[in-house]
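Analysis of the macromolecular model
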Amino acid sequence: MYLGIDIGTSSVKTVLFGRDQKLIGQASRPLEVTRPQPGWSEQDPEAWWVAVEATIDALAAEHGLAGLRGIGLSGQMHGAVCLDHDDRVMRPAILWNDGRASAECAEIEAAFPDSRRVAGNIAMPGFTAPKLQWIRHHEPHVFEHICTVLLPKDYVRFRLTGLHVSEMSDASGTLWLDVARRDWSDDLLAATGLTRSQMPRLVEGSAASGELRAELCQRWGVGGKVVVAGGAGDNAAAACGVGVVTPGSAFVSIGTSGVLFVSNAAFSPNTDGAVHAFCHAIPETWHQMGVILSASDSLEWLSRIAGRPAAELAGMVRAVAAPSKVTFLPYLSGERTPHNDATARGAFVGLSQSDGLADLVQAVMEGVAYAFADCQMALAGAGTDFESALAVGGGARSETWLGIVASVLDRPLALAADSDVGAALGAARLAICAAEGAEPAEICAAPATIRVIEPDPALVARYREGHARYRALYPALREGRA
């Protein structure tokens, strides 16, 4: 048996698989995000651990874990967990969608002008390093006592193993990693007043990072040694779960945030288009991502205002005959690709008296799809293209939404079996690799495709026009904010 644990923003999901990769069971627990100020986003790391314990307790009670041999971890990237010399959490974790550290990004790049080449990425407020620079300036009483900085899944690893360890894909999102060399950069760390002694040890995602503590083995009725794999950041783990590990393979994730992910054979940065160039979770492999900060979260936002569940709203839009006359910009938490603008804000444009809730829902779906098209253009600027993509994430449950995204991108989207547990499945697959010494390329194969959503030829050209209108709105609205 192998566990895959995914520490998301809204929940912890734990899945239990056999060596044949067939799902035995799964459990989840919700998480809450606190927003002490506009643009801030925090969570209590203890809440992650409580949720992990609860999910494994449930699986142990229902299925028994005597045969457990490996655990893989996946998690939300970029979050900053600060530990003191006694390994106590010093403050709530600052999350990936927190925008407070905009000014600190410029400071880091000024302190180390070669940062973009080494890190392969623009300094963005969501990354971990600017968060620590913010703490350095605004909470010096915390900063001066920091002994270790961990990412969310790596804090859970610490609670499982007692060790401070991270892996390449998640570490790539800190802005402290030399991504080409797959090692910490002393120069990038120095730009935020830190040293590698405050960083966790690095392993590959498919390698062992430690073993489950004896008291936890006893608690969960485990009969032998349990290897904890390096694991992966959420997107690299999702890629392992859906077999996007060979160069040119791709997936589109319509989750809380949105990701267009393409696997690469080499480190291929493109900072001008705010493309993320990261290490993959398996050795000698990298990937590029275009990232939007509010994908299904945009529909969740509308559902809160409408007082109706997001799934119900999605069901209000059936066959799409034409693009909506209303244009939605999904910049509710700022935007990454291609704007790198934490201050960007969302908008509905083109509203009329005749528009109702269904029109707003369609506009939200199309706005998210247009944001993916922006990512597609940014990747093309880096010389990267893809013939088709797998669709994952909660938004992939809506075939209407997938049809819109397929037509906007003019690419087929494949819906795979087990796509709803993609990141957790990827983590479990990495656990198999670490525990059994199996080859990642063999274990991380593409699952069976259950359906392919083709672009609608009647909509492709019209959505191209709609995307052009969408792209014209951001600079106009930005000028209005200036």
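Residues numbered from 1 in each chain as written. Predicted model: local features only at pLDDT ≥ 70, side-chain atom pairs only at ≥ 80, totals over all residues. Heavy atoms only, no water.

A few points about the nonpolar core
Core analysis: the largest hydrophobic core is formed by 66 residues, its most contacted members being Leu132, Ile135, Trp176, Trp184 and Phe251. No other element matches the five residues that helix H10 (residues 234-241) contributes to this core. Sequence-distant contacts of tryptophan 184, that is, excluding residues within four places in its chain, are made with Ala171, Thr174, Trp176, Leu177, Asp178, Leu189, Arg196, Met199, Pro200 and Leu202. Leu302, Phe328, Ala344 and Val361 belong to the second-largest nonpolar core, a separate cluster that totals 53 residues. (Core = buried A, V, L, I, M, F, W, Y, C linked by side-chain atoms within 4.5 Å. Buried < 20%, exposed > 50% of the residue type's maximum accessible area, 1.4 Å probe, protein only. Helix = DSSP H or I, 4+ residues; strand = E, 2+ residues; numbered from the N terminus. Contact = heavy atoms within 4.5 Å.)

Structural notes on the packing of aromatic side chains
Tallied over the entire structure, the rule returns 12 aromatic pairs. With centroids separated by 6.4 Å and ring planes inclined at 65°, the aromatic side chains of tryptophan 48 and tyrosine 155 adopt a geometry described as edge-to-face. Taken as a pair, tryptophan 48 in helix H1 (residues 45-63) and tyrosine 155 in helix H6 (residues 152-161) lie far apart in primary sequence, 107 residues in all. For tryptophan 48, a relative accessible area of 0% gives the class buried. Here tyrosine 155 falls in the buried class, since its relative accessible area comes to 4%. Positioned over the ring face of tryptophan 286 is arginine 182, at 4.9 Å from the centre of the ring. (Phe/Tyr/Trp six-rings, centres within 6.5 Å; stacked < 30°, edge-to-face > 60°. Lys NZ or Arg CZ within 6 Å of the ring centre and 35° of its normal.)

Remarks on the sheet that holds strand E16 (residues 250-254)
Note: strands within a sheet are paired through backbone hydrogen bonds, in either parallel or antiparallel orientation. Taken in spatial order, the seven strands line up as E18-E19-E17-E16-E22-E23-E24 in an open sheet, and their pairing is mixed. One side of each edge strand has no neighbouring strand; the edge strands of this open sheet are strand E18 (276-279) and strand E24 (449-453). The sheet shows a mean angle of 30° between the axes of neighbouring strands, taken without regard to direction. Where strand E23 (residues 413-416) meets E24, four bridges bridge the pair, whose relative direction is antiparallel. Its bridge partner being in E24, leucine 415 is matched across the sheet by arginine 451. Running at roughly 145° to strand E19 (residues 286-292), helix H13 (residues 357-381) makes contact with E16, strand E17 (258-264) and E19 of the sheet. (Pairing = 2+ DSSP bridges. Axes fitted to C-alpha atoms, helices over the stretch in contact; angles between N-to-C directions.)

Describing the layout of surface pockets
The volume enclosed by the second largest pocket comes to roughly 190 Å³. Along the walls of the second largest pocket sit 14 residues, with Ala373, Gln376, Val408, Leu409 and Arg464 positioned nearest its centre. Listing elements by their share of the lining of the second largest pocket, those giving two or more residues are H13, helix H14 (399-409) and helix H17 (457-481). Looking at side-chain class alone, the lining of the second largest pocket contains seven nonpolar, three polar and four charged residues. (1 Å grid on protein atoms, 1.4 Å probe; cavity = no way out; pocket = protein on both sides within 12 Å on 5 of 7 lines; lining within 4 Å. Points joined across faces, edges and corners; volume = space filled by probe spheres on them. Nonpolar A, V, L, I, M, F, W, Y, C, P; charged D, E, K, R; others polar.)

Here we look at helix H11 (residues 296-306)
Ser296, Ser298, Leu299, Leu302 and Ser303 are the residues of H11 that are buried. Along H11, the residues classed as buried sweep out an arc of 150° about the axis, all on the same side. Exposed residues on H11 whose side chains face more than 90 degrees from its buried face are Arg304 and Ile305. Elements in contact with the buried residues of H11: E16, helix H12 (310-314), strand E20 (327-329), H13 and H14. In the segment just after H11, glycine 307 is the residue with positive phi, at about 70°. (Arc of directions from axis to C-beta.)

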